[in-house]
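Residues per chain, in single letters:
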Amino acid sequence: TDDILFIYPWVVFHKEFCKQFMSSAEGDVILASNDFWLLNSSKSYRHQVTTEKIQLDGEKVITCGRFLDKENWHAAFSGVVRIGQSARHLMLSIWNELRSNPPDFFHDSVDLKKIRITDFIHQLIDQGLYVRAFECSGNVLTLQKSEQLSRFVLGTKAQTLQRLSFVLEKSSISDLIM
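Calculation rules
- Residues numbered from 1 in each chain as written.
- Predicted model: local features only at pLDDT ≥ 70, side-chain atom pairs only at ≥ 80, totals over all residues.
- Heavy atoms only, no water.
- Salt bridge = Lys/Arg side-chain N within 4 Å of Asp/Glu carboxyl O.
- Helix = DSSP H or I, 4+ residues; strand = E, 2+ residues; numbered from the N terminus.
- Buried < 20%, exposed > 50% of the residue type's maximum accessible area, 1.4 Å probe, protein only.
- Phe/Tyr/Trp six-rings, centres within 6.5 Å; stacked < 30°, edge-to-face > 60°.
- Core = buried A, V, L, I, M, F, W, Y, C linked by side-chain atoms within 4.5 Å.
- Contact = heavy atoms within 4.5 Å.

Here we take up the pattern of salt bridges. Enumeration over the complete set of coordinates arrives at three salt bridges. Of the charged contacts in the structure, one is a salt bridge between Arg82 and Asp3, with a shortest N-O distance of 3.0 Å. A residue pair is termed long-range when its members are at least 10 positions apart, and Arg82 in strand S6 (residues 75-83) and Asp3 in the segment before strand S1 (4-7) qualify at 79 residues. Measuring nitrogen to oxygen at the nearest pair gives 3.3 Å for the salt bridge that ties Glu59 to Arg132. One end of the pair, Glu59, is in the loop between strand S4 (53-57) and strand S5 (60-65); the other, Arg132, is in strand S7 (residues 131-135), with 73 residues separating them in the sequence. Take Glu59: its relative accessible area is 47%, and that puts it in the partly exposed class.

Here it is, written out as structure tokens:
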């Protein structure tokens, strides 16, 4: 396909997720979403407010951005986007227009140097493109602390020990008895 896969640099995901995401149903734009984050977030309210969020109607993305009203927080944007050919051409047109006639602000960005992908997606929706959400179900991680990467890749210490128990030949890992 001629689709583009856009990924924030601080995002990691499982290989299986990428395969499913790239082979999922067609759409002009497909966003990786995370319903779990909003329902079970232990993050501060300030962090929640500044996180890029998605308003949904089923799988259809109604709008996205950082500054949605709280009642419209249906999922968090996970930092992965599949951009189809029609959306790519429209994004280029939008970018050229922004560069030649810079506005005072562009959706959530007040500075053109700080435009986020969700600002572009919001504009694509405004211009009539179909944007769909794809639930990532914990297969995508936005890194905020270095320990998160090891837990995402290796699992918990107990899970790692369980995996190692099958390769040990001269020792064993026993269950914890209290």
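This is not the end of the story, as more comes after the structure.
This brings us to the packing of aromatic side chains. Inspection of every chain in the model, using the stated rule, returns five aromatic pairs. A ring pair is formed by Tyr8 and Phe77, whose centres lie 5.7 Å apart and whose planes are at 75°; its orientation type is edge-to-face. On the criterion of sequence distance, the pair formed by Tyr8 in the loop between S1 and strand S2 (11-13) and Phe77 in strand S6 is long-range, its members being 69 residues apart. Look at Tyr8 and you get buried, because its relative accessible area is 9%. Consider the rings of Phe21 and Phe134, whose centres lie 5.4 Å apart with planes at 75°: the pair is edge-to-face.

Among the nonpolar cores identified, the biggest contains 34 residues, and Leu31, Val61 and Ile121 are the most heavily contacted of them. Looking at this core, the elements that each hand over two or more residues are helix H1 (15-23), strand S3 (29-34), S4, S5, S6, helix H4 (85-100), helix H5 (117-126) and S7. What Val61 contacts, discounting residues up to four positions off in sequence, is Leu31, Ile54, Gln55, Leu56, Ile125, Val131, Arg132 and Ala133.

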